[in-house]
Amino acid sequence: YLVFTLPLWTAIYLWGAPALLMSDDNGKTSIKDSLKKLVNPMFAAMLIGMLIGVSGLTLPTWAEGAISAAADCMSPVAMILTGITVASVPLKKLFSDGRVYAVSIIRLVFIPLAFIGFFALVPCFETFVICAVCSAAMPLGLNTIVIPSAYGKDTTAAAGMAIVSHLLSCITIPVILMLMTEILK
């Protein structure tokens, strides 16, 4: 799973969060300012984690314990934040934005179909194909809410994307997996 999501998260941390969330000048920045925005907590933590993982460095027990405890809190905190955000937006507003449906359809239908098409042309190990298509077919995660919220941005569209994509995925995931099974026999 990590093999397929690492490039996505790298793109989010290198371009997405700095350019879309931390920019106050409508995208008109110099290269120097763009590079300065790379120094953000998300990218720094990812880089430090990669360096520790690649180097084989072992952390002191107390540091590993602190990191493990913080990691154990991340999912519950994200779910609480998501619940608070979704509860604060009127349901009509969540379900009335056409862009939310467009993004959800792209994420849940077009991206997985592109993966299936690719693997129909380029044969790979079955397990690899299943993992790739399954990860591509999943709904938009809680980070669509957590990251904008961390930067004090409006999370209304993000809440809509999370809710709509999760509801639609109840239909799209079985259909995509059925198509994958039929096409990639």
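The rules behind the values
Residues numbered from 1 in each chain as written. Predicted model: local features only at pLDDT ≥ 70, side-chain atom pairs only at ≥ 80, totals over all residues. Heavy atoms only, no water. Helix = DSSP H or I, 4+ residues; strand = E, 2+ residues; numbered from the N terminus. Buried < 20%, exposed > 50% of the residue type's maximum accessible area, 1.4 Å probe, protein only. Areas by Shrake-Rupley, 256 points an atom, 1.4 Å probe, with all protein chains shown as cover. Expected span 1.5 Å × (residues − 1). Bend = angle between axes of the 7 residues up to and from the residue. Contact = heavy atoms within 4.5 Å. Polar contact = N/O pair within 3.5 Å; in protein donor to acceptor, adjacent residues only side chain to side chain. Axes fitted to C-alpha atoms, helices over the stretch in contact; angles between N-to-C directions. Parallel < 35°, antiparallel > 145°, perpendicular 65-115°, else oblique. Nonpolar A, V, L, I, M, F, W, Y, C, P; charged D, E, K, R; others polar. Core = buried A, V, L, I, M, F, W, Y, C linked by side-chain atoms within 4.5 Å. pLDDT = per-residue confidence, 0-100.

Considering the overall build of the protein chain
The secondary structure content of the protein chain amounts to nine helices and zero strands. Counting from the amino terminus, the protein chain carries its helices and strands in the arrangement α-α-α-α-α-α-α-α-α. Evaluated residue by residue, the protein chain yields a buried proportion of 29% over its 185 residues. Accessible surface, the protein chain as shown: approximately 11,900 Å² in total, 74% of it carbon and sulfur.

Digging into helix α9 (residues 156-183)
Across its 28 residues, α9 extends 37 Å between first and last C-alpha, which sits within 8% of the 40 Å expected from 1.5 Å per residue. At S169, α9 shows its largest bend, some 50°.

Re the side chain of T85
By the secondary structure assignment, T85 is in helix α4 (residues 61-87). On the basis of relative accessible area, T85 is assigned to the buried category, the value being 6%. Among residues more than four places away in sequence, those in contact with T85 are I145, T155 and A159.

Some words on the side chain of S135
Here S135 is to be found in helix α7 (residues 126-137). A relative accessible area of 9% means that S135 is categorised as buried. A distance of 3.0 Å separates a polar atom in the side chain of S135 from the backbone oxygen of A132.

Description of the packing of α4 against helix α8 (residues 143-150)
Where α4 meets α8, the closest approach of the two axes is 9 Å, and the angle between their N-to-C directions is 85°. Classed by the angle they form, the pair α4 and α8 counts as roughly perpendicular. Residues A78, L81, T82, T85 and V86 of α4 lie in contact with α8, whose contacting residues are I145, V146 and S149. Taken together, the residues of the contact of α4 with α8 sort by class into five nonpolar, three polar and no charged.

Description of the nonpolar core
Within soluble globular proteins, side chains that are nonpolar generally end up buried alongside one another. By size, the foremost hydrophobic cluster in this structure holds eight residues: I116, F119, V129, A132, V133, A137, I176 and M180. Counting only elements with at least two residues in this core, the list comes to α6 (98-121), α7 and α9. Ranked by residues supplied to this core, first place goes to α7 with four residues. Discounting residues that sit within four places of it in the chain, F119 has contacts with C124, F128, V129, A132, V133 and L184. Grouped together as the second largest cluster of nonpolar side chains are seven residues, I145, A158, A159 and A162 included.

Some details on the confidence of the model for the protein chain
When the pLDDT values of the protein chain are averaged, the result is 82; 80% of them are 70 or greater. The lowest-confidence element of the protein chain is helix α1 (residues 2-21), averaging 62 in pLDDT; the highest-confidence one is α6, averaging 92.

Brief notes about the environment of K93
Residue placement: K93 occurs in helix α5 (residues 91-95). Residues K93 and T156, spaced 63 residues apart in sequence, show a C-alpha to C-alpha distance of 8.0 Å.

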